[in-house]
Structures are given as structure tokens and as C-alpha cells.
Amino acid sequence: MGGLLLVNPRSGRGSPTGEELAGEARALGIETHLLREGEDPADIARSAKAADALGMAGGDGSLAAVAEVAIERGAKFVCIPFGTRNHFARDLGLDRNDPIGALRAFGGAERQIDVGRAAGRLFLNNVSLGLYARLVHRRERHRRRREVFARMRAWAIVLTHRETLGITIDGKPVESRLVLVANNAYALDLPSIGARERLDEGKLHVYVPDGDPPERSGECFVVDAATGRLEAAIDGEPDVLKTPIEFRIEPRALGVLLPPRDRG
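1. A few points about the overall build of the protein chain
Then, in step 1: Check the secondary structure of the protein chain and you find 7 helices and 18 strands.
Then, in step 2: Relative to its 264 residues, the protein chain shows a buried fraction of 49%.
Then, in step 3: Of all intrachain contacts in the protein chain linking residues separated by at least 6 positions in sequence, the fraction that spans at least 24 positions is 66%.

Right under this line is the structure:
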């Protein structure tokens, strides 16, 4: 096995620890870097000139930065599920509870999958605008407080916010408090997110729960707002995007390596 694995030791559920996962990777001959506070995983990945496979062990929000470097360099990407929900790993068919087993993807079988772009920024799962994005932003602001309190406070703020987004999609007004732009189709029951059957359909899916239509698909969409900016959650991470926002799909742009047992 070869390549470079970046490990976020602050992710995970405690077992294995980041140090233990790194040790298992090194035993397999995989160069490993434990991320320190403030380090940018994309910068570390770009510095590894000889690696033909770049892996990230972390939550959903940390994967896209390394995946983008893999695309830039023509390298392969390895996803090691090491976060709380690990939605992307689930949709790849990985065992979300077995990060050590996922290390066998280095040198494994390749699968070509789609990636999405929001104003140029790569996303692997989805981009939320409105209700859920506001929740993520509020939760991030209160993250240093107790987790349960932060969640309750964030939900309380969001549920009392009744205003719609006041946006247009491809020039047509949309009145909704929530818009979800997904890289491939979800089995979706908003606000819950199900799994994706495919990651290579070559289409974005836009979900507007109280819209007409509530779902649309295509290769490119433009979302605009009179405010000039929208709070967003990109793969679960808070961001603010200037409008208009162009969303587009890049079909089969990312080569992902999977352990032998996950072929197909």
C-alpha cells in the first residue's frame, strides 16, 4: 500500500483514536500525517508531491478539500470514515464503523464518481440554504458551550424564524425556508436525508420541500437573492456564499479507491 493519509484526531468517536488509526496506517506502509490545530488539510495534501493516492480520515466536512487536491493532481482519493455521521462513506458502501478496515482501500479498486461545485467550491454530498444552514451557523457559534445546550439553542432560533429565503432558481422566484442542492439523488424525506443509490448519475438534484416542483434535476442551476449573500451549509460546514451562486456537476471527476470487499 502507498499514498498519504491525513488524520483529524479531533474527529472520531473515541475508538480507535486518531493516534491508533495512524499507527495502523503506518503498519500498512501508508504515509500518515496527524493534523494539528489550525493546519489546512489541502495545504498538507498539496505538499505531498509523490503521493498517487490521497486519503482523509475525518467527518464529511473535511473530505472535500483533500478530494479537490486529488482532482487537481490526477491522484486517487481515499475516504476513511472517522466522523460522527459519515454520510459520504455510507453512500460509497463503506462500513461507517470500521475506519481501520477502510485503510485497505489504498491500492484497492477504483470507482469514478461525480462531484458538485457551488460558486467553484467542491462538495461531495450537498449544499443547504436556509433553514438547515441557519441551524448549522447557530450551532457553530455556540459550539464552545455544552453540546446539548448548543443544539437546543440553535433549533429554538431556527424554528422561530418564519421568513422565506426570497431567492430565484434559474430566474424563477422560489418561496421556501429550505433549499437543498445534492450531488446525485437522495432518498429524501426532508428534513431527514437518506442514502444515495448512485454517485455517478451526472446530475444535481434540487429539493424545495414547499416548492412547485419540490424536486428538479439538471447539470447546472443558478440561485440568486436580493440580499447578495446566503448562509449555506456545505457538506455540513457553515459558509456564506455571494449570490448569484452557480451550482454545477462534474461527472465522474473523482477517482475513489475502495477496499476489495466494496467493489461494484
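Text resumes after the structure shown.
2. Structural notes on the confidence of the model for the protein chain
Then, in step 1: Mean pLDDT over the protein chain works out to 86, with 83% of the residues at or above the 70 mark.
Then, in step 2: Considering only residues more than four positions removed or in separate chains, one finds that residues 140-146, a stretch of pLDDT under 50, has 5 contacts.
Then, in step 3: Scored below 50 in pLDDT, residues 148-159 makes 13 contacts in the model with residues more than four places away or belonging to other chains.

3. Thoughts on the nonpolar core
Then, in step 1: L54, F77, C79, F88, L92, L124 and L254 are the most contacted members of the largest nonpolar core, which has 31 residues in total.
Then, in step 2: Secondary structure elements with two or more residues in this core: strand 1 (4-7), helix 2 (41-47), strand 3 (53-58), helix 3 (60-73), strand 4 (76-81), helix 4 (87-92), strand 5 (109-118) and strand 18 (245-258).
Then, in step 3: Ranked by residue count, the leading element in this core is helix 3, at 6 residues.
Then, in step 4: By size, the runner-up hydrophobic cluster in this structure holds 23 residues, among which are F123, L165, A232 and I245.

4. Brief notes about the environment of E39
Then, in step 1: Locating E39 in the fold gives a position in the loop between strand 2 (31-34) and helix 2.
Then, in step 2: Taking the C-alpha atoms as reference points, E39 and N8, 31 residues apart in sequence, are found 9.9 Å from one another.
Then, in step 3: A polar atom in the side chain of E39 sits 2.9 Å from the side chain of H33.
Then, in step 4: Polar contacts involving the side chain of E39 include one to the main-chain amide nitrogen of R36, which spans 2.9 Å.

5. Here we look at the pairing of strand 5
Then, in step 1: The buried fraction of strand 5 is high, at 8 of 10 residues.
Then, in step 2: Where strand 5 and strand 18 come together, 9 bridges link them in antiparallel fashion. Along strand 18, the bridge assignment pairs R117 with R248.
Then, in step 3: With 3 bridges connecting them, strand 5 and strand 6 (residues 121-123) associate as antiparallel partners. Residue A118 lies in a different strand from strand 6, and its bridge partner there is R121.
Then, in step 4: Between strand 5 and strand 6, which pair antiparallel one after the other, the connecting turn spans 2 residues, and A119 there sits at a positive phi close to 55°.

Analysis parameters
- Residues numbered from 1 in each chain as written.
- Predicted model: local features only at pLDDT ≥ 70, side-chain atom pairs only at ≥ 80, totals over all residues.
- Heavy atoms only, no water.
- Helix = DSSP H or I, 4+ residues; strand = E, 2+ residues; numbered from the N terminus.
- Buried < 20%, exposed > 50% of the residue type's maximum accessible area, 1.4 Å probe, protein only.
- Contact = heavy atoms within 4.5 Å.
- pLDDT = per-residue confidence, 0-100.
- Core = buried A, V, L, I, M, F, W, Y, C linked by side-chain atoms within 4.5 Å.
- Polar contact = N/O pair within 3.5 Å; in protein donor to acceptor, adjacent residues only side chain to side chain.
- Pairing = 2+ DSSP bridges.

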